[in-house]
Amino acid sequence: KASHATARTGDFARAPLPPMPSRRVAVIGAGAAGLVAARELLREGHAPVVFERAAGVGGTWLYDDEASADPLGAGGVHGSLYASLRTNLPRESMGFLDFPFVADEDSVDPRRFPGHQEVLRYLQAFARRFDLLGLVRLETEVVSVRRGGDASWSVSYCSRKLAGAGSDLEEEQSEVFDAVVVCNGHFAEPRLANIAGIDGWPGKQLHSHSYRVPDQFRGQVVIIIGYNPSGMDISRDIAGVAKEVHVAIRAAPAEMESTTAHANLWLHPMIHRAEEDGSMVFQDGSRVRADAIVHCTGYKYSFPFLGDDDGGDSVITVDDNRVDPLYKHVFPPRLAPRISFIGLPFKAIPFLVFQLQSSWVAGVLSGRIELPSPEEMMQDVAAFYTDMEARGRPKRFTHDLGAGTFEYEDWLVERCGLESIEEWRRVIYVAARGRIRDRPESYRDEWDDDAQLLEQAHRDLGKYL
Ligand code: FAD
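Residues numbered from 1 in each chain as written. Predicted model: local features only at pLDDT ≥ 70, side-chain atom pairs only at ≥ 80, totals over all residues.

Looking at an unreviewed UniProt entry, one finds the chain named Flavin-containing monooxygenase and attributed to Triticum turgidum subsp. durum. For the chain, the Cofactor (unreviewed entry) comment in UniProt is given as "FAD". Of the chain, the UniProt comment under Sequence similarities (unreviewed entry) reads exactly: "Belongs to the FMO family." (UniProt positions renumbered as here; feature names shortened; annotations may be inferred.)

Next up, the structure:
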C-alpha cells in the first residue's frame, strides 16, 4: 500500500516487465474495442479480464430506450443511439478483418447498412465465436486505476453482482494486473456549442446523446447544430414530424446548396446569437424563431477512473479533446506498454482501427513487437503537435485521422506483421463517405459500387465464414 502511494512515473517505467510473455491484463469496456482487444490479447497468449459496467456486451450498440434524464446528456447513461439509427458504413468495410459482418440466417436486419440491432447481434456473435463472454465481468464498473510500486496496476471496481442479485448496493474491490487497456468509448460525455445569449433563450435544448425518437418535436420549429452523420440523420428524423427544421452547419457555401428531400428542412451557417424572444440569429444575419435546439456537437474524451495519480502525476491529461501524451494515439510514452488506449481516433474505419491497435498492444506486451524508447516516443508526439500547429489544426482534431487514416492503418499493419488491408475495403469506405454528404437521404439504400469490387470483397470475406 505504501509503495502504491509513493510510486512515481520514473520508478514505474524503469521497473522491468517480468520476463514472461503472458500478462494478466485489465480491459476496461466490452464495446467493439474492448471485445477485439480481449480477442487479440488472448490470441497473443495473454490473460485478459474485461470489466463492463453495463449488463451486456456491445457498448454503444446496446441500444438504451432510456436516455439520460438530463436533456443535455449529463447523468451517466452510456448509449447515444437513436431508435432509427442505421450504420453509416456498409457491412464489407465495417466488420473486423477476419470475422465478416455479413447477413446470415441469424440476421435481424440483412440490409447492407443495417439497423443498430444487427450490429449488436454481430458483436455478440463475435464474443461467442472467440470465447470472450467468460472473460467479461458484467455490471462491474472500474472506478480507479492506480500504479503500484512493483510495475503493476491496481484496478478498483464496483460490482452489483458482488453485492447480490436484486441489490443496488455496490461493493468496491481491487485487483492487481500487469497491464491495463482502456476501451471505455468516447460517445458518452456530450460537448455543447457555445452560443451567445443562450442563457436567456426560452426554448428547449437537447443533446443528440439524449435523443431517441422525434415525437416531442411534433409541429415545432427545431434548430439542429452540427452536420456530422448524427446531425444529418436526426435532422431528417425530426423533419418527418416537425413544422420546420433548420440546420446550422460549418461548411463551404457550395455545400449549403445541397438538396434535401424534405421541403421543411433548411441549411444555414453557424449560429451567431440567441435572443430572449426565442429567435436564433445565424452568422449571415438570417433569423428563425424556434421552439427547440438539438446539439449534434459531439463528445468529450473522459477517463474518470484515471484521476491524478500521486498528486498530479497523471497518466494522461485531456485538453480540448487532446488526450496527451499518446504515441500514435495508443501508448503514453513513459508508461508504455503497461497502459494503452484503444479506439480514440475518429474519421476512420472504427472496428478495423480497434483491431489493428489491439494487435499492436498485444504484440508489444508479449515482447514480440518492439517500441521505441520513451524519449523517442515523446519526440514523435511533439513533432506531431508541431505539425498540427503549423497546419493551423486546433487541438480538438488531434485524434481525427481524416486523410491520414489509411497511412495510420498501414503503419500499424507493418508493426504487427499483418497482411495488408484489402484495397476494396478502402475503396468502398471512401465511396460511402462521399455519398453521405451528397445523398444523405438515400445513400444507405442506393449505391453504385463497382460490382467486381463487391464480388472480390465477398470472395475475400468468404474465406473467414
Ligand atoms: P463503446 O461502444 O462506447 O464501448 C465502451 C464500453 O465501455 C461501454 O460498454 C461502457 O459501458 C464501458 N465502460 C465505460 N466506462 C467504464 C468503466 N469505468 N467501467 C466499466 N465499463 C466501462 N461506427 C461504425 O463503425 N459504424 C457506424 O455506423 C457507426 N455509427 C455510430 C453512430 C453513433 C450515434 C455513435 C455514437 C457511434 C457510431 N459509430 C459507428 C462509432 C462507434 O462508437 C464505434 O463503432 C464503436 O462501437 C465504439 O466502440 P468502443 O468499444 O470504442 O466504445
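Chemist: So what's going on with the overall build of the chain? Residues and values would help.
Modeler: If you tally the helices and strands in the chain, you get twelve helices and 18 strands. For the chain, whose C-alpha radius of gyration is 23 Å, the value lies close to the compact-globule estimate of 23 Å for 465 residues. By residue count, 40% of the 465 residues in the chain fall in the buried class. In the chain, of all internal contacts separated by at least 6 residues, the share reaching a separation of at least 24 is 65%. (Helix = DSSP H or I, 4+ residues; strand = E, 2+ residues; numbered from the N terminus. Rg over C-alpha atoms; globule rule 2.2 N^0.38 Å. Buried ≥ 20, exposed ≤ 12 C-beta atoms within 10 Å, placed from the backbone. Contact = placed C-beta atoms within 7 Å.)

Chemist: A description of the packing of helix α3 (residues 32-43) against helix α8 (residues 350-365) should follow, citing residues and the corresponding values.
Modeler: Two quantities define a packed helix pair, namely the angle between the axes and the distance from one axis to the other. Direction vectors running N to C along α3 and α8 enclose 35°, while the axes themselves pass 8 Å from each other. α8 is crossed by α3, and the crossing has right-handed handedness. Two secondary-structure elements touch here, α3 through Ala 32, Ala 33, Val 36, Ala 37, Glu 40, Leu 41 and Arg 43 and α8 through Pro 350, Phe 351, Phe 354, Gln 355, Ser 358, Ser 359, Val 361 and Ala 362. In terms of residue class, the contact of α3 with α8 is built from ten nonpolar, three polar and two charged. (Axes fitted to C-alpha atoms, helices over the stretch in contact; angles between N-to-C directions. Left-handed = near helix turned anticlockwise from the far one by under 90°. Nonpolar A, V, L, I, M, F, W, Y, C, P; charged D, E, K, R; others polar.)

Chemist: Help me get a handle on unusual backbone geometry, residues and values and all.
Modeler: Here the bond from Asp 324 into Pro 325 is cis, since omega is -10°, no more than 30 degrees from zero. If you trace the backbone, Pro 325 turns up in the loop between β17 (322-324) and β18 (339-341). Of note, the bond from Ala 336 into Pro 337 is cis; its omega dihedral lies within 30 degrees of zero at 0°. Position of Pro 337 relative to the elements: it lies in the loop between β17 and β18. At Asp 131, a position not held by glycine, the phi torsion is positive, near 55°. With respect to the helices and strands, the residue Asp 131 is situated in the loop between α5 (116-129) and β3 (136-137). The class for Asp 131 is exposed, based on 11 C-beta atoms found within 10 Å. Its identity is not glycine, yet Lys 347 carries a phi of approximately 55°, on the positive side. By the secondary structure assignment, Lys 347 is in the loop between β18 and α8.

Chemist: How would you explain α8 if you had to name every residue and give the values?
Modeler: When the terminal C-alpha atoms of α8 are compared, their 22 Å separation across 16 residues agrees well with the 22 Å that a helix rising 1.5 Å per residue should span. Just beyond α8, the residue with positive phi is Gly 367, at close to 85°. (Expected span 1.5 Å × (residues − 1).)

Chemist: I'd love a proper account of the site of the ligand, names of residues and values included.
Modeler: What surrounds the ligand is a group of 33 residues, the closest being Gly 29, Gly 31, Ala 33, Gly 59 and Gly 185. For the shell around the ligand, the elements supplying multiple residues, two or more each, are α3, β4 (140-147) and α8. Broken down by element, the shell around the ligand gets its largest block of residues, three residues, from α3. Its residues assigned to classes, the shell around the ligand shows 17 nonpolar, 13 polar and three charged. (Near = placed C-beta within 6 Å.)

Chemist: Now, about the nonpolar core: what can you tell me, with residues and values included?
Modeler: In terms of nonpolar packing, the biggest core is built from 79 residues, with Leu 35, Ala 37, Leu 123, Val 180 and Val 181 touching the most fellow members. The element best represented in this core is α8, accounting for ten residues. Ignoring anything within four residues of it in the chain, the contact list for Val 180 reads Ala 26, Ile 28, Val 145, Trp 153, Val 155 and Ile 339. Core analysis: the second largest hydrophobic core is formed by 29 residues, Tyr 211, Val 247, Met 280 and Ile 293 among them. (Core = buried A, V, L, I, M, F, W, Y, C linked by C-beta atoms within 7 Å.)

Chemist: Quick one: what's the story with the pairing of strand β10 (residues 244-248), residue by residue and with numbers?
Modeler: In terms of burial, β10 is largely enclosed, as five of its five residues are buried. In this structure, strand β9 (residues 221-225) lies alongside β10, joined through five bridges in parallel fashion. Considered in β10, the bridge of Val 222 is made with Val 245. With four bridges connecting them, β10 and strand β11 (residues 265-268) associate as parallel partners. Of the residues in β11, the one forming a bridge with Val 245 is Leu 265. (Pairing = 2+ DSSP bridges.)

Chemist: Quick one: what's the story with the sheet that holds β18, residue by residue and with numbers?
Modeler: The sheet built from five strands is open, its strands ordered β3-β2-β1-β7-β18 with parallel pairing. Each edge of the sheet is formed by a strand with only one pairing partner; in this case those strands are β3 and β18. Alignment of strand β7 (residues 179-182) against β18, held across three bridges, turns out to be parallel. Pairing of Val 180 across the sheet is with Ile 339, part of β18.

Chemist: How would you sum up the sheet that holds strand β13 (residues 279-282)? Please name residues and give values.
Modeler: One open sheet accounts for three strands, arranged β12-β13-β14; its pairing is antiparallel. Where the open sheet ends on each side, the last strands, each with one partner, are β12 (271-274) and β14 (287-289). Across the sheet, the mean angle from the axis of one strand to that of its neighbour is 20°, orientation sign disregarded. Pairing geometry for β13 and β14, over three bridges, is antiparallel. For Val 281, the partnering residue across the bridge sits in β14 and is Arg 287.

Chemist: Which residues make up the packing of α8 against helix α10 (residues 405-416), and what values go with them?
Modeler: Look at α8 against α10: their axes get within 9 Å of each other, and the N-to-C directions meet at 35°. In this structure, the crossing between α8 and α10 has a hand that is left-handed. Contacts from Leu 352, Val 353, Leu 356, Gln 357, Ser 359, Trp 360 and Gly 363 of α8 reach α10 at Glu 409, Leu 412, Val 413, Arg 415 and Cys 416. Grouping the constituent residues of the contact of α8 with α10 by class yields seven nonpolar, three polar and two charged.

Chemist: Residue-level account of the environment of Arg 250, with values.
Modeler: Residue placement: Arg 250 occurs in the loop between β10 and α7 (253-256). Along the chain, Arg 250 and Ile 271 lie 21 residues apart, while their C-alpha atoms are 9.6 Å from each other.

Chemist: Lay out the pairing of strand β15 (residues 292-295) in plain terms, naming residues and giving numbers.
Modeler: Along any regular strand the residues' side chains alternate between the sheet's two faces. Sheet topology note: the strand β8 (residues 204-207)/β15 ladder contains four bridges and is parallel. Opposite Leu 206, over in β15, you have Val 294 as the bridge partner. In the sheet, β9 pairs with β15 via four bridges, with the strands oriented parallel. The partner of Ile 223 across the bridge, within β15, is Ile 293.

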